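Overview (structure and organization)
The residues making up each chain are set out below.
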Amino acid sequence: MTDARLDDENPEADRYDRATVEAVGKLTEALETLEVARGHLYQFHRMTGTTDFAVGEAVELLRKAGHDELADRIARELVGRNVLPGRWTFQVVEDFDDTYYQPFRAFERQARELTGGRRHLYEAELKRERRSRGVAGHEATPDERVG
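Reference entry: report on the structure contained in this document.

About the cut-offs
Residues numbered from 1 in each chain as written. Predicted model: local features only at pLDDT ≥ 70, side-chain atom pairs only at ≥ 80, totals over all residues. Heavy atoms only, no water. Salt bridge = Lys/Arg side-chain N within 4 Å of Asp/Glu carboxyl O. Helix = DSSP H or I, 4+ residues; strand = E, 2+ residues; numbered from the N terminus. Buried < 20%, exposed > 50% of the residue type's maximum accessible area, 1.4 Å probe, protein only. 1 Å grid on protein atoms, 1.4 Å probe; cavity = no way out; pocket = protein on both sides within 12 Å on 5 of 7 lines; lining within 4 Å. Points joined across faces, edges and corners; volume = space filled by probe spheres on them. Nonpolar A, V, L, I, M, F, W, Y, C, P; charged D, E, K, R; others polar. Contact = heavy atoms within 4.5 Å. Expected span 1.5 Å × (residues − 1). Bend = angle between axes of the 7 residues up to and from the residue.

1. Here's the deal with the pattern of salt bridges
Taken as a whole, this structure holds eleven salt bridges when the rule is applied. Measuring nitrogen to oxygen at the nearest pair gives 3.1 Å for the salt bridge that ties glutamate 29 to lysine 26. Placement of the pair is glutamate 29 and lysine 26 together in helix H1 (residues 18-64), with a separation of three residues, close to one helical turn. Note that glutamate 125 and arginine 128 form a salt bridge whose closest N and O atoms lie 2.8 Å from each other. Of this pair, glutamate 125 and arginine 128 both sit in helix H4 (residues 121-130), three residues apart, which is roughly one turn of the helix. This pair shows no difference in class: glutamate 125 is buried, exactly as arginine 128 is.

2. Focus on the layout of surface pockets
Taken as a whole, the largest pocket encloses approximately 310 Å³ of empty space. Lining the largest pocket are 15 residues, with Thr48, Gly49, Asp52, Arg81 and Val83 positioned closest to its centre. Listing elements by their share of the lining of the largest pocket, those giving two or more residues are H1 and helix H3 (89-112). Top contributing element to the lining of the largest pocket by residue count: H1, with eight residues. Looking at the second largest pocket, its volume works out to about 160 Å³. Lining of the second largest pocket is provided by Thr28, Leu31, Glu32, Glu35, Arg105, Glu108, Arg109, Arg112, Arg119 and His120. Looking at the lining of the second largest pocket, the elements that each hand over two or more residues are H1 and H3. Taken together, the residues of the lining of the second largest pocket sort by class into one nonpolar, two polar and seven charged.

3. A look at the environment of asparagine 82
One can find asparagine 82 in the loop between helix H2 (68-77) and H3. Not counting chain neighbours up to four residues away, the residues in contact with asparagine 82 comprise Arg87 and Trp88.

4. Concerning H3
For H3, with 24 residues, the first-to-last C-alpha span of 32 Å sits near the 34 Å given by 1.5 Å per residue. Remark: the principal bend of H3, roughly 45°, maps to aspartate 97. Along H3, the positions that sit buried rather than exposed are Thr89, Val92, Val93, Phe96, Asp97, Tyr101, Phe104, Glu108, Ala111 and Arg112. Buried residues belonging to H3 abut H1.

The following block contains the structure:
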C-alpha cells in the first residue's frame, strides 16, 4: 500500500469516517511504540551477547593473572548462562516476534484496510489541519514550492 498523501483540495481522510481514521491512527501509534520496544529488545539481545563475550575475555585475563579458581567458576557458571530459564536472548526475541509482534502487525495492517490500506492517514489529516499554507517549512509535499 502507499503512504497517505496530502491533498488540500481533496483530502483523503474525508473519504472515511473520522472515528475510523482516528481508531486506525491510534492502533498505528501503538504499533510505532511497539517498534521502539522491539528495538530495545534487540538492543538488549545484542548487549547481552557482547557482555557474554567480554566476560569470556575477563575469564582469560583472570587466568593470566593467576586467579584460576575464580576464572573457572565464572567460566562454568556465568559464560553462556541463560538470561531467563532455558533461554538465551535470541530465543526471547524469537518468542516475542512470533507471539506478539507479528500478530500485532497483522492486526494493524488489517485495521488499515478500513481506510483503504493507507499508512499514516490520521497524521496526514493532522498535517492538513495544522500547517500554515503558503509559509516556508509548511509545504504539503516535497514538491510544493512556497514563495
